[in-house]
Amino acid sequence: MITAFVLIKTDASRIPETAEQISAIQGISEVYSVTGEWDLIAVARVAKHEELADVIADKLSKVPAVVHTTTHIAFRAYSQHDLDAAFSLGFEQ
């Protein structure tokens, strides 16, 4: 599974509608409205790298109110459970 985080700038007056349109795209698992420089962050999950082009370039980027995107592909996932286990190595409780 390939995971990518897509930072999205939108027409500010259409953030909720844009988030709903993006969340309906197959391959997008989550969309968050956020503070800061970006308006939305979408999480794309696909089986192959080639599918990212279909999801992001061919669909997400063409949602009418999307102004700009930047995509970050994840190398590895760390869950809180994994981090707790890693930091507790060698320590007895």
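Looking at an unreviewed UniProt entry, one finds the protein named Lrp/AsnC family transcriptional regulator and attributed to Arthrobacter methylotrophus.

**Q** Explain the overall build of the protein to me, please; I cannot follow it from the model alone.
**A** Helices and strands together make up the secondary structure of the protein, namely three helices and four strands. Counting from the amino terminus, the protein carries its helices and strands in the arrangement β-α-β-β-α-β-α. Taking all contacts inside the protein whose residues are at least 6 apart in sequence as the whole, residues at least 24 apart take part in 66%. Counting only carbon and sulfur atoms, one obtains 55% of the accessible surface of the protein, whose full area is about 6,600 Å².

**Q** Before we go on, may I ask you to explain helix H1 (residues 15-23) in this structure?
**A** For the α-helix, the turn length of 3.6 residues means that residues three or four positions removed from each other point alike. Of all the positions in H1, only Thr18, Ala19 and Ile22 are classed as buried. Summarising the axial view, the buried residues of H1 lie within an arc of 100 degrees, below the 170-degree limit, and thus occupy one face. Relative to its buried face, H1 has exposed residues pointing more than 90 degrees away, namely Pro16 and Glu20.

**Q** Just to check I follow, could you spell out the pairing of strand E3 (residues 40-46) for this structure?
**A** Remark: a regular strand shows side chains that alternate across the two faces of the sheet. With respect to burial, E3 is a largely interior element, five of its seven residues being buried. Relative to E3, strand E1 (residues 2-10) runs antiparallel, the two sharing seven bridges. If you follow Val6 over to E3, its bridge partner there is Ala42. Direction of pairing for strand E2 (residues 28-33) relative to E3: antiparallel, over a ladder of five bridges. Bridge pairing in E3 links Tyr32 to Ile41.

**Q** Help me out: how do you make sense of the sheet that holds strand E4 (residues 66-73) in this one?
**A** Pairing between sheet strands relies on hydrogen bonds along the backbone, with the strands arranged either parallel or antiparallel. Pairing in this open sheet of four strands is antiparallel, and the strands run E2-E3-E1-E4 from one edge to the other. One side of each edge strand has no neighbouring strand; the edge strands of this open sheet are E2 and E4. Across this sheet, the average inter-strand angle for adjacent strands is 20 degrees, counted without regard to direction.

**Q** It is not clear to me how helix H2 (residues 49-57) should be interpreted in this structure. Could you clarify?
**A** All buried positions along H2 are accounted for by Leu52, Val55 and Ile56. Taken around the axis of H2, the buried residues stretch over an arc of 85 degrees, which confines them to a single face. Along its buried surface, H2 packs onto E1, E2, E3 and E4.

**Q** Can you walk me through the pattern of salt bridges in this structure?
**A** Between side chains of opposite charge, a pair can form as their charged atoms come close. Enumeration according to the criterion identifies two salt bridges in this entry. Of the charged contacts, one joins Glu37 and Lys9 as a salt bridge, the two residues approaching to 3.7 Å between their closest N and O atoms. Taken as a pair, Glu37 in the loop between E2 and E3 and Lys9 in strand E1 lie far apart in primary sequence, 28 residues in all. Residue Glu37 is classed as exposed on the basis of its relative accessible area, which comes to 58%. The residue Glu30 makes a salt bridge to Arg45 at a minimum N-O spacing of 2.9 Å. Taken together, the residues span a long stretch of sequence, with Glu30 in strand E2 and Arg45 in strand E3 at a distance of 15 residues. What makes Glu30 partly exposed here is its relative accessible area of 27%.

What counts and how
- Residues numbered from 1 in each chain as written.
- Predicted model: local features only at pLDDT ≥ 70, side-chain atom pairs only at ≥ 80, totals over all residues.
- Heavy atoms only, no water.
- Helix = DSSP H or I, 4+ residues; strand = E, 2+ residues; numbered from the N terminus.
- Contact = heavy atoms within 4.5 Å.
- Areas by Shrake-Rupley, 256 points an atom, 1.4 Å probe, with all protein chains shown as cover.
- Buried < 20%, exposed > 50% of the residue type's maximum accessible area, 1.4 Å probe, protein only.
- Arc of directions from axis to C-beta.
- Pairing = 2+ DSSP bridges.
- Axes fitted to C-alpha atoms, helices over the stretch in contact; angles between N-to-C directions.
- Salt bridge = Lys/Arg side-chain N within 4 Å of Asp/Glu carboxyl O.

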